Amino acid sequence: MFAVHLLSFYFSKLQEDPTKKVDRFLYSMRLSDEQLMDISTRFSGEMKKGLSVETNSTATVKMLQTHVRSTPDGSEKGEFLALDLGGSRFKVLQVKVREDAGGGGVEMEEQIFPMPKELLNGKGTELFDHVSECLKDFLHQKNISLEDKHALGFTFSFPCQQSALDQGVLLNWSKDYRARGLQGKDVVQALTEAISRTGDMDIEVLALVNDTVGTMMTCGFDEKHCEVGLIIGTGTNACYMEELRHIELVEGDEGRMCVNTEWGAFGDDGALNDYITEFDREIDAASRNPGKQLFEKLVSGLYMGELVRLVVLKMAKLGLLFDGYVSDALRTKGKITNTHIAAVEQYKDGLRNTRDILLDLDLTPSSDDCVAVQHVCTVVSFRSSNLVAAGLAAILTRVRQNRKLKTLRITVGVDGTVYRTLPQYAKRLHKVVRRLVPDCHVRFVLSESGSSKGAAVVTAVAQRLASQRQQVDKTLSSFKLSPEQLGLVKASMRVGLEAGLKSNDPSPSALKMLPSFVFRTPDGTEHGKYLALDLGGTNFRVLLVKIRGSGSVQLYNKIYPIPLEIMQGTGEELFDHIVQCISDFLDYMGMKNARLPLGFTFSFPCQQQAIDSGTLVSWTKGFKATDCEGHDVVDMLRDAIKRRNEFDLDIVAVVNDTVGTMMSCAYEDPQCEIGLIAGTGSNVCYMEELRNIEKKEGCTEGEKGKQRMCVNTEWGSLGEDGCLGDIITQYDSQVDQQSFNHGKQRFEKLTSGLYLGEVVRQVLLDLTRRGLLFRGHVTEPLKTPGIFHTKYLSQIESDHLALHQVRSILQKLGLDSTCDDSIIVKEVCGAVSRRAAQLCGAGMAAVVDKIRENRSLDHLDVTVGVDGTLYKLHPHFSRVLQETVRTLAPQCHVTFVLSEEGSGKGAALITAVATQEQLDM
């Protein structure tokens with residue numbers, strides 16, 4: 001009775017639509033989008049394991065480092081040999097890469113050589129000797145000189161652990177290769193030794209690449225967005241450009257490296273057990289490597305034909321096909337291949353091809369049988385494309401998330417017989433990938449030249465990068481300062497300090513060393529309300545400062561912009577604008593009728609005869625207001641107040657911002673006797689022994705009972721006598737020539753924020769003109785002086801900033817950079833800013849050693865009050881500066897304290913100190 005029911009069941013199935021019958025039979029092979037996303041998530045987890053140093057050894061997806069760090073940029077050129085080994089035949093090629101207006105062209109000559117089967121399972125040395133002999137034959141046949149040295153790229157389509165681009169240890173053979181004595185050995189060394197044994201060839205193997213990497217590089221030569229390589233053929237694999245910071249097995253965190261996923265092993269640890277069918281298990285059990293390469297066995301052309309045969313055999317045995325008849329041919333392994341599937345899936349002739357194939361298998365198919373078998377092929381190939389899409393979705397999602405992009409534009413280079421020959425495969429794959437990752441704009445490019453061209457391109461890229469690196473390093477070496485050079489800078493600064501303290505000293509090395517008439521730092525007893533002004537850049541600040549003693553200070557302030565036309569107009573216009581801002585602030589604070597003591601921070605060189613007067617020596621920082629130089633700025637401010645006739649102020653002190661910074665920090669730290677500005681400008685002040693200041697006319701009364709006076713060094717003028725000539729580069733000279741004060745402020749132009757960005761721009765412009773950056777394309781923004789602000793320099797050097805963020809900054813400046821460009825730009829910024837910090841450190845070492853020797857001390861403890869955006873915002877400037885001071889002034893313990901309120905508070909404190917001194921007198 002059971003048999004009757006069973007026959008009735010199968011008979012009913014025979015009457016239904018043959019495609020539905022197959023779908024029901026192979027339901028476990030038909031994967032929903034939810035299942036594919038689940039597989040994609042699992043693969044993503046396996047990728048992370050492979051990249052981690054802790055889990056790589058046990059990971060099934062090995063994520064092998066290829067040491068390919070860049071895709072082609074179109075500027076590669078040269079002639080290269082390529083060798084492609086990975087199947088029953090291998091290829092030798094000569095590849096000529098020529099740079100042209102279209103971004104590059106490639107000419108190739110190739111020859112295919114057979115690989116005798118006995119060599120696949122013989123000695124490894126014999127296999128490579130055969131390859132080497134064929135390579136020599138190729139050179140003879142193509143009339144390629146044996147005397148010349150040739151660079152060779154080696155495509156080796158087996159898993160290798162690489163520690164360098166030209167080194168690779170074979171992990172295991174795959175496909176039909178089992179040559180002895182090579183597993184665990186460097187295959188590049190094996191090839192090199194074989195070439196040596198063959199003799200009469202001068203060949204250097206520069207690059208070892210997997211066929212997947214070769215495919216990506218082949219397509220990448222013509223498509224700049226190609227950063228993924230995909231092979232779907234006899235085997236399957238994928239590679240992509242991973243952020244170096246995520247590859248824990250490789251040192252370094254800048255840039256990218258191509259990772260060969262070796263995804264064929266996905267599932268070897270059981271991760272895909274719930275998606276593996278009985279037919280997959282049968283194929284695995286009968287394979288040469290049971291339990292290994294499970295994803296590859298679900299996907300690749302080596303197994304798809306056999307999978308179809310097993311399904312058709314099972315259906316026939318169950319009476320669902322061929323009226324239950326099973327031929328000996330259908331029982332024979334390997335009788336259905338991927339070529340058969342391609343023929344079955346043909347659009348017009350598919351059913352006819354199916355019938356012919358089944359007849360060749362000694363079967364007598366009905367029309368429904370042919371439709372059913374054709375649908376089996378469709379389901380099997382569709383599952384393959386779906387699984388590949390799931391893996392690819394994980395890779396694309398990872399790339400997009402790595403780069404913190406909402407949408408990713410990327411190209412996938414593809415090769416392999418399955419992708420090329422199965423009529424519907426590519427279309428299905430593209431459709432599913434785009435459905436799984438809608439936030440990725442994916443373009444698929446078929447590799448027209450296979451992976452062989454890619455090996456030559458990798459070699460060309462490696463040569464380009466090596467040449468580029470050599471030239472970039474040579475350029476940046478001019479910014480590196482030796483300990484001896486820094487010692488000379490310190491000595492020059494010391495000479496300048498000493499010479500500047502002497503009255504009417506004619507020495508061109510003298511710094512201005514301007515007396516400030518500030519004789520002491522705060523002692524904590526200061527109190528009262530004070531108005532403070534702060535002028536030193538494009539913004540002007542007005543402050544109300546309430547000092548209550550014992551370290552208690554309250555500040556209220558407003559910031560006002562100084563328009564360029566005011567900065568470079570007349571002096572009267574500038575000071576009228578300043579007074580207008582003061583009027584607005586007093587209205588804002590409701591203090592228009594109050595007559596408060598005022599301290600004026602004026603951050604430009606002034607010659608002072610008293611604390612409440614200062615004659616402007618020269619403008620800096622872009623100011624050019626006329627009729628100011630040689631005039632007392634306090635008088636100019638008083639005249640402007642009178643012209644407005646709205647309020648009156650008691651101007652007690654005019655101070656440099658450096659002095660204001662020192663006083664501000666000294667209120668908190670009594671050991672603070674030095675002020676440093678490292679921002680738009682660069683300057684230092686310090687407490688000098690009064691006996692050493694010879695040019696102190698006008699302060700005889702004030703100096704009674706005083707031991708020291710703060711001196712504004714104006715150290716930015718160091719080098720105007722040529723003493724820095726050995727460290728000044730061509731780029732510094734260009735910046736100086738384009739400045740409004742040519743030949744002046746040479747030290748400041750090496751160290752201050754106003755100029756560092758422009759030095760960087762000059763370097764980038766030179767590197768681009770030499771074809772080392774931005775593909776040699778000099779854009780209008782790059783030619784624009786001042787576009788590269790120092791804030792960009794600080795942002796680019798930030799340790800936490802990923803390269804895609806560096807690229808974003810450059811793109812805002814109109815500079816379309818590659819990952820490699822971004823690395824070089826970051827290195828240029830680092831070289832320029834590091835030199836600036838070291839120079840400031842050398843100058844500071846001269847100052848602190850002078851103070852120590854002034855006081856006849858074996859050891860000096862001193863604090864430096866610091867302000868300025870370069871010191872505050874640059875990620876490495878302060879550290880490098882302090883390290884340099886420690887090295888050059890080992891007998892001084894120097895503490896650096898950042899000024900929180902800036903020099904405005906300091907101006908108020910100086911006013912308080914001066915007011916108190918006047919009362920005491």
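Because the structure is predicted, anything quoted here is derived from the model rather than measured.

Draft legend 1. Up close: the overall build of the protein chain. Helices and strands together make up the secondary structure of the protein chain, namely 30 helices and 26 strands. Here the C-alpha radius of gyration of the protein chain, 38 Å, is well above what a compact globule of 921 residues would show, namely 29 Å. Dimensions of the protein chain along its principal axes, counting C-alpha atoms only, are 125 × 70 × 50 Å. By the burial criterion, 60% of the 921 residues in the protein chain qualify as buried. The long-range fraction of contacts in the protein chain, counting pairs at least 24 apart against all pairs at least 6 apart in sequence, stands at 71%. Split by element, the accessible area of the protein chain, about 37500 Å² in all, is 48% carbon and sulfur. Charged side chains of the protein chain number 105 positive and 121 negative; the gap between the two group centres comes to 4 Å.

Draft legend 2. Representation of the pattern of salt bridges in the model. Under the defined criterion, the tally for this structure stands at 57 salt bridges. A salt bridge links glutamate 109 to lysine 142; the shortest N-O distance between them is 3.8 Å. Of this pair, glutamate 109 sits in strand S4 (residues 105-114) while lysine 142 sits in the loop between helix H5 (124-141) and strand S5 (149-156), and the two are 33 residues apart along the sequence. The partly exposed category is assigned to glutamate 109, whose relative accessible area is 38%. Lysine 142 sits in the partly exposed class, given a relative accessible area of 28%. The closest approach of N and O atoms between arginine 256 and glutamate 227, which form a salt bridge, is 3.6 Å. Taken together, the positions of arginine 256 in strand S11 (residues 256-260) and glutamate 227 in strand S9 (residues 226-232) put the pair 29 residues apart, joining distant regions of the chain. Accessibility classification places arginine 256 together with glutamate 227 in one group, the buried group.

Draft legend 3. Representation of the nonpolar core. Ranked by size, the top nonpolar core spans 114 residues in total, and within it Ile674, Phe788, Met844 and Phe896 carry the most contacts. Among the elements that line this core, the one with the most residues is helix H27 (residues 819-854), at 19 residues. Discounting chain neighbours no more than four positions away, the residues touching isoleucine 674 are Met662, Val684, Cys685, Tyr686, Met844, Val847, Val848, Ile851, Val862, Thr863, Val864 and Gly865. By size, the runner-up hydrophobic cluster in this structure holds 91 residues, among which are Ile283, Val308, Leu321 and Leu422.

Draft legend 4. Seen up close, the packing of helix H2 (residues 18-25) against helix H13 (residues 367-402). With their axes 8 Å apart at the nearest point, H2 and H13 run at an angle of 40° to one another. In this view, H2 runs oblique relative to H13, as classed from their interaxial angle. Seen from above, H2 lies across H13 with right-handed handedness. The residues of H13 that touch H2, namely those facing Pro18, Thr19, Val22 and Asp23, are Asp368, Val371, Ala372, His375, Val376 and Val379. For the contact of H2 with H13, the residue count by class is six nonpolar, two polar and two charged.

Draft legend 5. Representation of the packing of aromatic side chains within the structure. Under the definition given, this model contains 23 aromatic pairs. On the numbers, 5.7 Å between centres and 20° between planes, the contact of phenylalanine 90 with phenylalanine 113 is stacked. Here the residue phenylalanine 90 occupies a position in strand S3 (residues 89-98), and phenylalanine 113 occupies one in strand S4, the gap between them amounting to 23 residues. Overall, phenylalanine 90 belongs to the buried group, its relative accessible area being 1%. Seen from their ring centres, tyrosine 871 and phenylalanine 896 are 6.5 Å apart, and the 25° between their planes marks the pair as stacked.

Draft legend 6. Highlighting a negative patch on the surface. On the surface, a cluster of negative charge is contributed by Asp328, Asp356, Asp360 and Asp362. Structurally, aspartate 356 can be placed in helix H12 (residues 350-360). Residue class for aspartate 356 comes out partly exposed when judged on its relative accessible area of 39%.

Draft legend 7. View of the sheet that holds strand S8 (residues 202-209). Spatial strand order, S4-S3-S2-S5-S8: five strands in an open sheet with mixed pairing. Edge positions in the open sheet fall to S4 and S8, since each of these has one partner strand only. On average, each strand axis in the sheet is tilted by 25° relative to the strand beside it, whichever way the strands run. The pairing of strand S2 (residues 78-85) with S3 spans eight bridges and is antiparallel. When the bridges of S3 are listed, leucine 83 appears paired with valine 92.

Draft legend 8. Seen up close, the side chain of asparagine 854. Looking at the secondary structure, you find asparagine 854 in helix H27. For asparagine 854, the contacting residues outside a window of four places in its chain are Glu688, Glu689, Arg691 and Asn692.

Draft legend 9. Spatial organisation of helix H29 (residues 877-888). Its twelve residues give H29 an end-to-end C-alpha distance of 17 Å, which sits within 8% of 16 Å, the value for a rise of 1.5 Å per residue. Considered for burial, the residues of H29 that qualify are Phe877, Ser878, Val880, Leu881, Thr884, Val885 and Leu888. Projection of H29 onto a plane perpendicular to its axis shows the buried side chains occupying an angular sector of 170°, all on one side. Away from its buried face, by an angle of more than 90 degrees, H29 presents the exposed residues Arg886 and Thr887.

Draft legend 10. Here's a closer look at the packing of helix H3 (residues 33-51) against H13. Where H3 meets H13, the axes come as close as 8 Å, and the angle between the chain directions of the two elements is 55°. By the criterion of interaxial angle, the relationship of H3 to H13 is oblique. Pair H3 / H13 crosses with right-handed handedness. Residues Leu36, Ile39, Ser40, Phe43, Ser44, Met47, Lys48 and Leu51 of H3 form the contact with H13, whose own contacting residues are Asn386, Leu387, Ala390, Gly391, Ala393, Ala394, Ile395 and Arg398.

The rules behind each value
- Residues numbered from 1 in each chain as written.
- Predicted model: local features only at pLDDT ≥ 70, side-chain atom pairs only at ≥ 80, totals over all residues.
- Heavy atoms only, no water.
- Helix = DSSP H or I, 4+ residues; strand = E, 2+ residues; numbered from the N terminus.
- Rg over C-alpha atoms; globule rule 2.2 N^0.38 Å.
- Buried < 20%, exposed > 50% of the residue type's maximum accessible area, 1.4 Å probe, protein only.
- Contact = heavy atoms within 4.5 Å.
- Areas by Shrake-Rupley, 256 points an atom, 1.4 Å probe, with all protein chains shown as cover.
- Lys, Arg positive; Asp, Glu negative; His and termini not counted.
- Charge placed at Lys NZ, Arg CZ, Asp CG, Glu CD.
- Salt bridge = Lys/Arg side-chain N within 4 Å of Asp/Glu carboxyl O.
- Core = buried A, V, L, I, M, F, W, Y, C linked by side-chain atoms within 4.5 Å.
- Axes fitted to C-alpha atoms, helices over the stretch in contact; angles between N-to-C directions.
- Parallel < 35°, antiparallel > 145°, perpendicular 65-115°, else oblique.
- Left-handed = near helix turned anticlockwise from the far one by under 90°.
- Nonpolar A, V, L, I, M, F, W, Y, C, P; charged D, E, K, R; others polar.
- Phe/Tyr/Trp six-rings, centres within 6.5 Å; stacked < 30°, edge-to-face > 60°.
- Patch = residues over 30% accessible without salt bridge, like charges linked within 9 Å, V, L, I, M, F, W, Y side chains within 5 Å.
- Pairing = 2+ DSSP bridges.
- Expected span 1.5 Å × (residues − 1).
- Arc of directions from axis to C-beta.

As far as function goes, none of this settles anything; it's purely spatial.
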